[in-house]
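What follows is each chain in one-letter form.
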Amino acid sequence: LLRDTPTTGIYFCVYESTERGLQAHSKLLQGDTATMFGGGLAGVLSWAIAYPADTLKSYIQALPVDTPARERTIASAFRAIYSGHGLRCFYRGLGPCLLRAFPVNAVTFLTYARLRDALVGPPKAHATASNNSAGTAGTVGHQGR
């Protein structure tokens, strides 16, 4: 929860702001390219932020089943990792993770956008439909894209 909650917020904010910014201000990065760039950047930034917490989670999960509860805390895991390996250990493996994060999240958001468009129509159609049907509850819209 401590790892996923803030990074999920960052993930979607980075995606939305990057995609919208590119659509509005870039002549080169439009449509699917903007979607993929926004998704890739979102994945890279959220993993870069979440990685130390993920290291702690993995350490705790790998402890033997009979490990006392007081040693299964975040604070205890932090102390054990830091005292044994220093701060750098919290980022060991980050490079390959980030290399994987960009293409995986680019394709994830492209797939999402394509499915959304196939199921409910492109975002501009939502804005037009919701503007034409004033007061209609439950209208899905992605205004501003």
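Conventions and cut-offs
Residues numbered from 1 in each chain as written. Predicted model: local features only at pLDDT ≥ 70, side-chain atom pairs only at ≥ 80, totals over all residues. Heavy atoms only, no water. Helix = DSSP H or I, 4+ residues; strand = E, 2+ residues; numbered from the N terminus. Buried < 20%, exposed > 50% of the residue type's maximum accessible area, 1.4 Å probe, protein only. Areas by Shrake-Rupley, 256 points an atom, 1.4 Å probe, with all protein chains shown as cover. Core = buried A, V, L, I, M, F, W, Y, C linked by side-chain atoms within 4.5 Å. Contact = heavy atoms within 4.5 Å. Phe/Tyr/Trp six-rings, centres within 6.5 Å; stacked < 30°, edge-to-face > 60°. Axes fitted to C-alpha atoms, helices over the stretch in contact; angles between N-to-C directions. Parallel < 35°, antiparallel > 145°, perpendicular 65-115°, else oblique. Left-handed = near helix turned anticlockwise from the far one by under 90°. Nonpolar A, V, L, I, M, F, W, Y, C, P; charged D, E, K, R; others polar. Polar contact = N/O pair within 3.5 Å; in protein donor to acceptor, adjacent residues only side chain to side chain.

Student: I'd love a proper account of the overall build of the chain, names of residues and values included.
Tutor: Regarding its fold elements, the chain presents five helices and zero strands. Counting all 145 residues of the chain, 33% fall into the buried class. Element-wise, carbon and sulfur atoms account for 65% of the exposed surface of the chain, whose accessible area totals about 9100 Å².

Student: Please set out the nonpolar core residue by residue, giving values where relevant.
Tutor: Of all hydrophobic cores here, the largest spans six residues; its members are Leu56, Ile60, Ala77, Ile81, Cys89 and Phe90. Contributions of two or more residues to this core are made by helix 2 (31–61) and helix 3 (74–85). Once you skip the residues sitting within four places of it in the chain, alanine 77 turns out to touch Leu56, Tyr59 and Ile60.

Student: Give a description of the packing of aromatic side chains that names residues and reports values.
Tutor: Under the counting rule described, the total for this entry stands at nine aromatic pairs. With a centroid separation of 5.1 Å and 80 degrees between ring planes, the pair formed by tyrosine 11 and phenylalanine 12 is classed as edge-to-face. Residue class for tyrosine 11 comes out buried when judged on its relative accessible area of 15%. Accessibility expressed as a relative area gives 43% for phenylalanine 12, which makes it partly exposed. Note on phenylalanine 37 and phenylalanine 102: the rings are 6.0 Å apart at their centroids and 65 degrees apart in plane angle, and the pair reads as edge-to-face. Of this pair, phenylalanine 37 sits in helix 2 while phenylalanine 102 sits in helix 4 (residues 94–120), placing them 65 residues apart in sequence. Residue phenylalanine 37 is classed as partly exposed on the basis of its relative accessible area, which comes to 34%. Counting every residue linked through ring pairs, the aromatic cluster contains Tyr11, Phe12, Tyr15, Phe109 and Tyr112.

Student: How would you explain the packing of helix 1 (residues 4–25) against helix 4 if you had to name every residue and give the values?
Tutor: When two helices pack together, their arrangement is given by the angle between their axes and by how far apart the axes lie. Interhelical geometry of helix 1 versus helix 4 gives an angle of 70 degrees and a closest axis separation of 13 Å. The orientation of helix 1 with respect to helix 4, classified from their angle, is roughly perpendicular. Remark: the crossing between helix 1 and helix 4 carries right-handed chirality. For the pair helix 1 and helix 4, contact is made by Tyr11, Phe12 and Tyr15 and by Asn105, Thr108, Phe109 and Tyr112, respectively. Here the residues of the contact of helix 1 with helix 4 are counted per class, giving five nonpolar, two polar and no charged.

Student: Give me the lowdown on the side chain of threonine 18, citing residues and values where you can.
Tutor: Looking at where threonine 18 falls in the secondary structure, it is placed in helix 1. Look at threonine 18 and you get buried, because its relative accessible area is 14%. A polar atom in the side chain of threonine 18 sits 2.7 Å from the backbone oxygen of valine 14. If we skip the residues at most four places from it in the chain, threonine 18 touches Phe37, Gly38 and Leu41.

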